[in-house]
Amino acid sequence: MLGNLLKVYYKNSFSFKRLFGFDLKKNKAKTILIGVAIVYGVGAIVGLFGWMFFNLGEVLHEMGQIQILLSFLGVFLIAFPVFLTLFLASGSLFYYKDYDIVGHLPIKSRTIFLAKLIVMISLLYVMTLVGILPIIFSYFYWQGLDVLSLVLVIVLGFALPLIPVALFSLISLLIAMGTAKLRVGKILYIILLFVVLFGFMFLMFQFNSVDVNPLTGQIDLFKGIGEAYPPLMWFQNAIASHDWLSVLYLLGSHGLLFAGFIYGGEKLAVYTNKRGIKSVTHSKKGPAKLQQEDIIITLVKKEIKRLFAGVNYALNTLFGVVIVLVLGVASLFFGDQIMSFLQQEMGGMIAGELVIVVLILFAIMMTTTSAVSLSLEGKKLWVIKSLPIEPYKVMYSKVLLNMVLIVPIVFFGTILFGISSQIILVNQLSMILLFLSFGAAISLLYAIVNMLVPKFEFSNEVEVVKQSLSIIIAIFAGFSMLAINGLLYFYAFIDMNLAIAFLLLAVVNVVIAIPCWYVIRFKSSSIFNKFQG
């Protein structure tokens, strides 16, 4: 029974049609486009991490401490699955979306829980693999290929994350249950996840290194973590020295404790799925008061509520906002270190105020609500189509939501970095105009992309905000907009005063935004008429 259930879950979770929302054989153009995007994305990630860890491996090899690279591998083997577990565990293990169906089937609850757990862990391992392959390659390149060590990396790599995954699955459940009782529970949940994310990023890239490779400043940190957490030491000794006692300790402890988690987790899953999660939906008693207001304002409010109603939607679209605000505040206290770090991350090709401009433009580009918000209407699209609301007003509300998120990036980011980097007022004002014009063009462009290639059929919002064709095309369009601004500056405006150059770039963005506005204003109705639902 477990095997049959796994086939169903794997097909539902990992089939190409489910992942991309269409039949690849019948949509060759989309298939090619997505294939190119995936290769580009994976190549960029592996290339960046590959260079950093290859360089780090060379440094450690010259120091005669290549085994420290195994501490990096172990930490990443734990950190990636743990972070993903915080997103997935509550909904995957303790609150099944299909509980109304599977709960009544003649299948043992432990079988269902085990199948759900295996599928979740499979997803964790697949996503983690992309991040750890460069570390494994660097280690065996500088240490020399040893088949037994490679086998141990694979076997122990599967075992090492099990206890942290079990622990953080329970933490994910506690956060979900605790925040559900609060009126702002979803927002608090999102904030807690961002705290974990930036805590991890702070450990990875502390602003205390002046090396070209930021990882070289973390050698002592990761060496200390490896020595402080016994399983990491067992992992390192087993692979580097073929210490079979360490292998036994690691496999035995993690296997037994994880088996205990399966036993106890299954019983907890039965309880939580039967009980369901109860969220606070109101705090005031009394008759509801109706208040008329502009239709676009009403629609924007609806979009804001939806944004914070879904954790994955918020986390994927708010990252740019949060990263700018966090780095902006940090720059008030660690200005020189922040600027040095940003210059290193950008390859050292630009400096000064341009570093801040590129960071904020990138953050704006990563604010992508208008690229997915129409798709998220899903099967409820008929409700909007049945209302006496012009389609262009619906699309305006989605564009305005994106701008609502971009405005804090623009003003707070510019002011905070302006103070820490002592940017003159005229340059700050011209930067604000550049950012707003870029944000408007991006928001309109993303909305058009979502109208042209929406994804209304989905079982989870992750399929829309991460895997849909509209988000892939939007990201490419965003990078193209960045490239246009960058090329114009370096090839046409570089010798000009910065304020004038930024103003000219703002004019270019407005020129791009005007036809995008025209399409939404006058073509939305004809496009909406083609939608089914």
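Residues numbered from 1 in each chain as written. Predicted model: local features only at pLDDT ≥ 70, side-chain atom pairs only at ≥ 80, totals over all residues. Heavy atoms only, no water.

**Q** Could you clarify how one ought to interpret the packing of aromatic side chains in this entry?
**A** To describe a pair of aromatic rings, one takes the distance between the centres and the angle between the planes. For the structure on display, the rule yields 18 aromatic pairs. Arranged with centres 6.1 Å apart and planes meeting at 80 degrees, the rings of F53 and F72 form a pair that is edge-to-face. On the criterion of sequence distance, the pair formed by F53 in helix α3 (residues 28–63) and F72 in helix α4 (residues 68–94) is long-range, its members being 19 residues apart. Linked through ring pairs, F53, F72, F76 and F80 together constitute an aromatic cluster. Here the guanidinium or amino end of R521 rests over the ring plane of Y392, the centre of that ring lying 3.9 Å away. (Phe/Tyr/Trp six-rings, centres within 6.5 Å; stacked < 30°, edge-to-face > 60°. Helix = DSSP H or I, 4+ residues; strand = E, 2+ residues; numbered from the N terminus. Lys NZ or Arg CZ within 6 Å of the ring centre and 35° of its normal.)

**Q** I'm lost on helix α23 (residues 498–528) in this one. Help?
**A** One turn of an α-helix holds 3.6 residues; hence residues three or four places apart share an orientation. Taking 1.5 Å as the rise per residue, α23 with 31 residues should run 45 Å; its terminal C-alpha atoms sit 43 Å apart, in good agreement. Of all the bends found along α23, the most pronounced is centred on F522 and spans about 50 degrees. All of the buried residues along α23 are A499, A501, F502, L505, A506, N509, A513, C516, I520, S524, I527 and F528. Taken together, the buried residues of α23 touch α17 (353–365), α18 (381–386), α19 (391–421), α20 (425–452) and α22 (469–493). The opening residue of α23, the one whose side-chain oxygen lies 2.9 Å from the backbone nitrogen of A499, is N497. (Expected span 1.5 Å × (residues − 1). Bend = angle between axes of the 7 residues up to and from the residue. Buried < 20%, exposed > 50% of the residue type's maximum accessible area, 1.4 Å probe, protein only. Contact = heavy atoms within 4.5 Å. Polar contact = N/O pair within 3.5 Å; in protein donor to acceptor, adjacent residues only side chain to side chain.)

**Q** Is there a simple way to explain a nonpolar patch on the surface in this structure?
**A** Where nonpolar side chains cluster on the molecular surface, the patch consists of V329, L332, F333, F334, V407, F411, F412, I415 and I419 and spans about 860 Å² of accessible area. Look at F333 and you get exposed, because its relative accessible area is 63%. (Patch = residues over 30% accessible without salt bridge, like charges linked within 9 Å, V, L, I, M, F, W, Y side chains within 5 Å. Areas by Shrake-Rupley, 256 points an atom, 1.4 Å probe, with all protein chains shown as cover. Salt bridge = Lys/Arg side-chain N within 4 Å of Asp/Glu carboxyl O.)

**Q** Sorry if this is basic, but what is going on with helix α15 (residues 319–331) here?
**A** The first and last C-alpha atoms of α15 sit 18 Å apart over 13 residues, in line with the 18 Å expected at 1.5 Å per residue. Every buried residue belonging to α15 is among G320, V321, V322, I323, V324, L327, G328, A330 and S331, and all of these are buried.

**Q** Sorry if this is basic, but what is going on with the nonpolar core here?
**A** Across soluble globular proteins, you tend to see nonpolar side chains buried next to one another. Residues I364, V372, L374, F435, F438 and I520 are the most contacted members of the largest nonpolar core, which totals 75 residues. In terms of nonpolar packing, the next biggest core, distinct from the first, is built from 31 residues, L70, V153, L156 and L160 among them. (Core = buried A, V, L, I, M, F, W, Y, C linked by side-chain atoms within 4.5 Å.)

**Q** Just to check I follow, could you spell out the side chain of H254 for this structure?
**A** Mapped onto the secondary structure, H254 falls in helix α12 (residues 244–275). Residues in contact with H254, not counting those within four places in the same chain, are A159, L160, L162, I163, Y229 and P231.

**Q** What am I meant to see in the environment of I473 here?
**A** Within the secondary structure, I473 sits in helix α22. The partly exposed category is assigned to I473, whose relative accessible area is 24%. As a C-alpha pair, I473 and Y446 span 27 residues in sequence and 8.6 Å in three-dimensional space.

**Q** Would you mind showing me how to read the confidence of the model for the chain here?
**A** As a general rule, the predicted coordinates of low-pLDDT regions are not to be interpreted in detail. Residue-level pLDDT values for the chain average 79, and 75% of them are 70 or greater. Here residues 207–212 is modelled with pLDDT under 50, and outside its nearest four sequence neighbours on either side it reaches 16 contacts, counting other chains as well. (pLDDT = per-residue confidence, 0-100.)

**Q** What exactly am I supposed to notice about the pattern of salt bridges here?
**A** Pairing is possible between side chains that carry opposite charge, provided their charged atoms lie close to one another. In total, this model carries seven salt bridges according to the counting rule given. K302 is the salt-bridge partner of E377, the closest N and O atoms lying 3.2 Å from each other. Taken together, the positions of E377 in the loop between α17 and α18 and K302 in helix α13 (residues 295–309) put the pair 75 residues apart, joining distant regions of the chain. Residue E377 is classed as buried on the basis of its relative accessible area of 6%. Note on K302: relative accessible area 30%, which makes it partly exposed. Put simply, K398 and E377 hold a salt bridge, and the shortest N to O gap is 2.9 Å. Highlighted residues: K398 in helix α19 and E377 in the loop between α17 and α18, separated in sequence by 21 residues. Counted as one network, the salt bridges with shared partners bring together K302, E303, R306, E377 and K398.

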